[in-house]
Each structure stands twice: as structure tokens, then as C-alpha cells.
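The residues making up each chain are set out below.
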Amino acid sequence: MLDKQLNAVLCILNDISDGSYKIIDADEIISKLSDSDRCTKVELSGIIRTLSDNDYIKVKYSTVDEYCLATLAKARAIERAEHESAVSETAELSDESAGGKKSKEIRLDSISLRKMIRNAAFWGAMLGGLITAVIALLIGVFLNSK
């Protein structure tokens, strides 16, 4: 989950880049930030580094004053998900004001496929190891009883 300032910078980069490499001036990014999210060029450099490290953007080169970068699919998906949640929140508010109640849906999109695969592999290995240990214990008991 991104904090407010990282998210604001990411939204600006998504608007500018759209997945293709663009040369972006640091002052241009800072000028588009709201007053509460405003940062210095050095702080912006750290934010862009964090976004790059977390695979939201791909940076070809960077200086303190300018960046050549592209937003990745993960970044665009985050922005779409936030846009959809904002739209659904306004729809829920309008439904509640009309007297209707809308149940919250579990979003399977937010569950990472990698995380599901990692969990399945872990529990599969744990179960396999447990079964193997039980079989080895049974074999040991039967061999010692003779």
C-alpha cells in the first residue's frame, strides 16, 4: 500500500507516461502536486527511487532535475483500482442516502496471484512433509516391533 505522497507522485507519472518512456522535469512533477503533498527535488528523487524499487516504474536514467521513466502495468492497475474504489464509494454514499444498503464485495483483483501461488506452495510442501514424516514413523515402528 502506498502512502499519500507516493500515490500522488505515481498518479502524476501515470498521467504523463501512460507506459511509454518520457523525459520528465522534476519541477513539472512538483508543480502538479497539491500543497499537502509538495516535496523538494531530493525528496522527489527518493520517492521515484522507492517507486522504482517496488516495480511501479522503470527508470532509464535520472538526475535530480530530470527523469526518463515509464510507468509499469502494476502502477496503472493501482490507479484504476483506486479510481474504481472512489467511484464505488460515491455510489455507496448515494445508495445510502436513498435508503438502500449495498454489501461490500470481496475484490479478488486485489489478491496478488504471486501471493496465492506462494501460499499454495508453502502449504503443499508442509502437507507433503507431514505425510512423509508419518509414513517414516510408521515404517520405523513396524521395523522395531519385529
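Basis of the calculations
Residues numbered from 1 in each chain as written. Predicted model: local features only at pLDDT ≥ 70, side-chain atom pairs only at ≥ 80, totals over all residues. Heavy atoms only, no water. Helix = DSSP H or I, 4+ residues; strand = E, 2+ residues; numbered from the N terminus. Buried < 20%, exposed > 50% of the residue type's maximum accessible area, 1.4 Å probe, protein only. Contact = heavy atoms within 4.5 Å. Patch = residues over 30% accessible without salt bridge, like charges linked within 9 Å, V, L, I, M, F, W, Y side chains within 5 Å. Areas by Shrake-Rupley, 256 points an atom, 1.4 Å probe, with all protein chains shown as cover. Salt bridge = Lys/Arg side-chain N within 4 Å of Asp/Glu carboxyl O. Lys, Arg positive; Asp, Glu negative; His and termini not counted. Charge placed at Lys NZ, Arg CZ, Asp CG, Glu CD. Expected span 1.5 Å × (residues − 1). Phe/Tyr/Trp six-rings, centres within 6.5 Å; stacked < 30°, edge-to-face > 60°. Lys NZ or Arg CZ within 6 Å of the ring centre and 35° of its normal. Axes fitted to C-alpha atoms, helices over the stretch in contact; angles between N-to-C directions. Parallel < 35°, antiparallel > 145°, perpendicular 65-115°, else oblique. Nonpolar A, V, L, I, M, F, W, Y, C, P; charged D, E, K, R; others polar. pLDDT = per-residue confidence, 0-100.

Caption draft 1: Seen up close, the overall build of the protein. Looking only at helices and strands, the protein has five helices and three strands in total. Across the protein, helices and strands are ordered from the amino to the carboxyl terminus as α-β-α-α-β-β-α-α. Residues classed as buried in the protein amount to 21% of the 146 residues present. Excluding contacts between residues fewer than 6 apart, the proportion of contacts in the protein whose partners are at least 24 apart in sequence is 53%.

Caption draft 2: Quick peek at a positive patch on the surface. Residues K74, R114, K115 and R118 make up a contiguous surface patch of positive charge. Here the positive patch takes three residues from helix α5 (residues 113–145), the largest share from any one element.

Caption draft 3: The arrangement of helix α3 (residues 41–53) in detail. The terminal C-alpha atoms of α3, which comprises 13 residues, lie 18 Å apart, in line with the 18 Å expected from a rise of 1.5 Å per residue. Where α3 is buried, its residues contact α1 (4–17), α2 (26–32), β2 (57–62) and β3 (66–71). Following α3 by one or two positions, D55 has its phi on the positive side, about 60°.

Caption draft 4: How the structure looks around the packing of aromatic side chains. Under the counting rule described, the total for this entry stands at one aromatic pair. The positively charged end of K60 is found above the aromatic ring belonging to Y21, 4.6 Å away from the centroid. A cation over a ring is seen here: K74 above Y56, with NZ or CZ 4.7 Å from the ring centre.

Caption draft 5: Examining the packing of α1 against α3 more closely. It is at 10 Å that the axes of α1 and α3 come closest, and there the two elements cross at 80°. For the element pair α1 / α3, the angle class is roughly perpendicular. Together, Q5, L6, V9, L10 and L13 of α1 and L44, I47, T50 and L51 of α3 make up the contact between the two elements. Residues belonging to the contact of α1 with α3 are distributed by class as follows: seven nonpolar, two polar and no charged.

Caption draft 6: A look at the confidence of the model for the protein. Averaged over every residue, the pLDDT of the protein is 80; the share at 70 or more is 76%. Ranking the elements of the protein by mean pLDDT puts helix α4 (residues 73–97) last, at 65, and α5 first, at 92. A low-confidence stretch, residues 100–109 (pLDDT under 50), is modelled with eight contacts involving residues beyond four sequence positions or located in other chains.

Caption draft 7: Layout of unusual backbone geometry. Positive phi values are uncommon outside glycine, yet D55 reaches one of about 60°. The exposure class of D55 is partly exposed, given its relative accessible area of 46%.

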